[in-house]
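Here's the letter readout for the chains.
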Amino acid sequence: MKSAKTLAVAGLLSATFAMPAAHAGATLDAVKAKGFVQCGVSTPFPGFANTNEKGEWSGLDVDVCRAVAAAVFGDATKVKYTPLTAKERFTALQSGEIDMLSRNSTWTLTRDSGMGMNFAGVNYYDGQGFMVTKKLGVDSAKKLDGASVCIQAGTTTELNLADYFRANNMKYEPITFEKSDETVKAFEAGRCDVLTSDQSQLYSLRILMSDPESAVVLPEVISKEPLGPVVRNGDDDWFKIVRWSLYAMIEAEDLGLDSTNIDEKIKGESPDIKRFAGAAEGDDKNLPLDKKWSYNVVKQVGNYSESFERNVGQGSPLKIARGLNALWKNGGLQYSPPFR
Amino acid sequence: MAIIVQSPSPSLPPPANTTGLMGWMRQNLFSTVGNSLLTVVLFVGIVSLLIPLVQWAFIDADWVGTTRDDCKSGGACWVFVNVHFQQFMYGLYPEAERWRVSLVAVILVITLAALMIPKIPGKKYIGIFALFFFPIVAFYLLVGNRFGLPHVETNLWGGLMLTLVIAIVGIVAALPLGILLALGRRSKMPIVRSVCIAFIEIWRGVPLITVLFMSSVMLPLFLPEGMDFDKLLRALVGITLFQSAYMAEVIRGGLQAIPKGQYEAASALGLNYWQSMYKVILPQALKMVIPGIVNTFISLFKDTSLVLIIGLFDLLAIVQAAFSNPKWLGFAVEGYVFAALVFWIFCFSMSRYSQHLEHKLRTTH
């Protein structure tokens, strides 16, 4: 009797406090019912999620949210953004405050396996890189022996740097700073030869210099920081929707489709394109979405290249090179499984 | 013929170097060698700081334009503030609905002015309106979802508007709560007293950042799924409870400064506890601690910017958001100067008003 009571109480408690792990499809139903995707983004991070003068969100991470909205509703504007700090981002996802998180979060084993979350893909391959002045005339990180390096204190950057120089049998002199602003000031004033940080960060630090053209970012990346959208564990349908919305953008670039030419190209003969855009007869892609979901993603958000260039690439002040984020056939890592 | 002077001849003016600007300077700035030296050094110091500042902020500054390309002169780029001014005031509040925020601000200013200008009659009714009706009006205007007004979620609130919402709610709610806590702490009833002491000491013992983190990161994990408290509401509750503990201690200082005779006189008149507090003790005690209360308000006003760590876009956070836009990267200084100026205006006005209030309520001779 007593144990039954205990069990009942325990059951009640766990029902009240259990992590939101519901039946498959629950998130999609909830999202459809409320009419928008609640997407967690960065408290502004240049190029990845920031607001413009009118207060509209844009950025590479924001485009993933918009792609999901386009896939689910056929309308990329049906997103509401929750700006989250690094500390609260995973709680907000776990507690159900947001439906998906697209906030330059690094995909790691512990995060993927131990925290009740699933990484749905990689929308930006980041990693620690080096920036040097053009005057130095160095074109590879391997030639940095004896350099003085500006770093931000207390970050993993410091450890990666030590490992890299030790592994390559090179010497360096670290100069640490508290804030990124100070670091870039010191670099500009010539107190160090090299500035190291995550590559995505290096480009926005470069804009802060009075003459951005005087510095170059070296091609080497010495740590792996795959950034991507995250969803809660336990809802596979939603997980797949987010994952394939991202893949739709990458696959579109692979197929040469973009927001301007897709209408024209699906009239053509290519079976790949027809299949991709849901234009062929009896073409059901098994996702619980409208048949033309991938068409909507490309039409309204654009392919990966458009999104990249517009937000962080040549079309933006950041001018980040594609590098690792080029398509697989151009020597990068972005690759989508086939749409068939 | 004798000349009889009927009245004394008019007194001569004091020597020129003891009056006017010269005299003042002689007396105050150059009275001794040490003073003269100090004056010169400080003067040179101030001028050498001021000249580049004025040069940067006014002479070299760019005022008009729409993009960063309009800032070529090398001085301050006020174009950045200009372009984002609406955003700094209203945050991400939808443009079509911003009149609602402005309307609330106008009502607030009129009500406050009516309360503060001594000549306007009917203070009691204005006070009742300000305390009980204005919050309801403001709530429905800002949140909407009623009376045909579209709903505006609190995560779109931001800028100065959010700063003021947090500060005003915190100030208005923390004062009565603080009075109750202060009275409770001095109560003779053991349970009330221990509860109040525990409350005050716990909230005073944790930093505000911890309170905000708890409210935004931990609390949602304890709540059942689907029960979603508004993030702003959580922050407001946290700030109010936190400030009320500080307020209680300030007011307790006032209560303790009232001579025992006042308490005894009130009981001798046959007033019960609440009557004696309301009519005799509190009016004296609160008056005495006005500087302390206003000090707490000012620190609360500045503390509101801590909400940026839980992703709410108060004035400071919206300024930071604006220069995170790649198009405007690198205009942090202009943004921070603007934010500092706005904060200063509000805090300085509060402090001036408190001085005026002290002066007005002074009854000693």
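Computed from a prediction, not measured in an experiment: that's the story for all the values here. (Residues numbered from 1 in each chain as written. Chains lettered and ligands numbered in written order. Predicted model: local features only at pLDDT ≥ 70, side-chain atom pairs only at ≥ 80, totals over all residues. Heavy atoms only, no water.)

Caption draft 1: Examining the domain arrangement of chain A more closely. All names here are of chain A. Domain assignment breaks chain A into domain 1 (26-125 + 227-330) and domain 2 (126-225). Relative to domain 2, the C-alpha centre of domain 1 lies at a distance of 31 Å. Taken together, the contact between domain 1 and domain 2 spans 13 residues of the former and 11 residues of the latter. Together, the buried faces of domain 1 and domain 2 total about 940 Å²; carbon and sulfur atoms form 65% of this surface. If you look at where domain 1 meets domain 2, you find 0 salt bridges. Where domain 1 packs against domain 2, one counts 3 residue pairs in polar contact (both at pLDDT 80 or more). Split into classes, the residues belonging to the side of domain 1 that touches domain 2 amount to 11 nonpolar, 1 polar and 1 charged. (Domains from an automatic or database assignment. Contact = heavy atoms within 4.5 Å. Buried area = accessible area lost by both parts, 1.4 Å probe. Salt bridge = Lys/Arg side-chain N within 4 Å of Asp/Glu carboxyl O. Polar contact = N/O pair within 3.5 Å; in protein donor to acceptor, adjacent residues only side chain to side chain. Nonpolar A, V, L, I, M, F, W, Y, C, P; charged D, E, K, R; others polar.)

Caption draft 2: Representation of helix H3 (residues 60-73) of chain A within the structure. Residues and elements named next belong to chain A. In this model H3 runs 20 Å from its N-terminal to its C-terminal C-alpha over 14 residues, within 8% of the 20 Å that 1.5 Å per residue would give. Counting buried positions over the 14 residues of H3 gives 12, a clear majority of the element. Those residues of H3 that fall on the buried side of the exposure criterion are Leu60, Asp61, Val62, Asp63, Val64, Cys65, Ala67, Val68, Ala69, Ala70, Ala71 and Val72. Remark: Gly74 follows H3 within two positions and exhibits a positive phi of approximately 70°. (Helix = DSSP H or I, 4+ residues; strand = E, 2+ residues; numbered from the N terminus. Expected span 1.5 Å × (residues − 1). Buried < 20%, exposed > 50% of the residue type's maximum accessible area, 1.4 Å probe, protein only.)

Caption draft 3: Quick look at the environment of Asn168(A). Residues and elements named next belong to chain A. Following the sequence through the fold, Asn168 ends up in the loop between helix H6 (156-167) and strand S10 (172-177). Separated by 142 residues in the primary sequence, Asn168 and Ala26 have C-alpha atoms spaced 51 Å apart. In this structure the side chain of Asn168 is engaged in a polar contact, spanning 3.0 Å, whose partner is the backbone oxygen of Tyr164.

Caption draft 4: Layout of the state of the cysteines. Residue and element names in this part refer to chain A. Here the structure, examined in full by the defined rule, presents 2 disulfides over all chains. Bridging Cys39 to Cys65, the disulfide has an S-S length of 2.0 Å. Its S-S torsion of about -55° marks the bond between Cys39 and Cys65 as left-handed, since a negative value means left-handed. Highlighted residues: Cys39 in strand S1 (residues 37-42) and Cys65 in helix H3, separated in sequence by 26 residues. The same class applies to Cys39 as to Cys65, namely buried. In this model Cys150 forms its disulfide with Cys192; the gap between the sulfur atoms is 1.9 Å. Every disulfide takes its handedness from the sign of the S-S torsion; for Cys150 and Cys192 that torsion is -100°, giving left-handed. Taken as a pair, Cys150 in strand S9 (residues 147-152) and Cys192 in the loop between helix H7 (180-188) and strand S11 (194-198) lie far apart in primary sequence, 42 residues in all. Assigned by exposure class, Cys150 and Cys192 land together as buried. Sequence-ordered numbering of the bonded cysteines in chain A gives a pairing of 1-2, 3-4. (Disulfide = S-S within 2.5 Å.)

Caption draft 5: Region of interest: the pattern of salt bridges. Inspection of the entire model under this criterion finds 17 salt bridges over all chains. Residue Asp63(A) pairs with Arg310(A) through a salt bridge whose shortest N-O separation is 2.7 Å. Of this pair, Asp63(A) sits in helix H3 while Arg310(A) sits in helix H13 (residues 304-311), and the two are 247 residues apart along the sequence. Under the relative-accessibility criterion, Arg310(A) is labelled partly exposed at 39%. In this structure, the salt-bridge partner of Arg252(B) is Glu249(B), at a minimum N-O distance of 3.0 Å. You can see Arg252(B) and its partner Glu249(B) sitting in helix H9 (residues 231-257), 3 residues apart, about one turn around the helix. A residue is classified by how much of its surface remains accessible, and Glu249(B), at 15% relative accessible area, is buried. Through salt bridges with shared partners, a single ionic network connects Arg185(B), Glu201(B), Arg204(B), Glu249(B) and Arg252(B).

Caption draft 6: View of the sheet that holds strand S12 (residues 215-217) of chain A. Residues and elements named next belong to chain A. The 5 strands are arranged S10-S9-S11-S8-S12 in an open sheet whose pairing can be described as mixed. Each of the sheet's edge strands pairs with one partner strand only, and the pair in question is S10 and S12. Pairwise comparison of adjacent strand axes, ignoring direction, gives a mean angle of 30° for this sheet. Examined bridge by bridge, S9 and S11 share 2 bridges and lie parallel to one another. Each residue of the ladder has a partner; that of Val149, found in S11, is Val194. (Pairing = 2+ DSSP bridges. Axes fitted to C-alpha atoms, helices over the stretch in contact; angles between N-to-C directions.)

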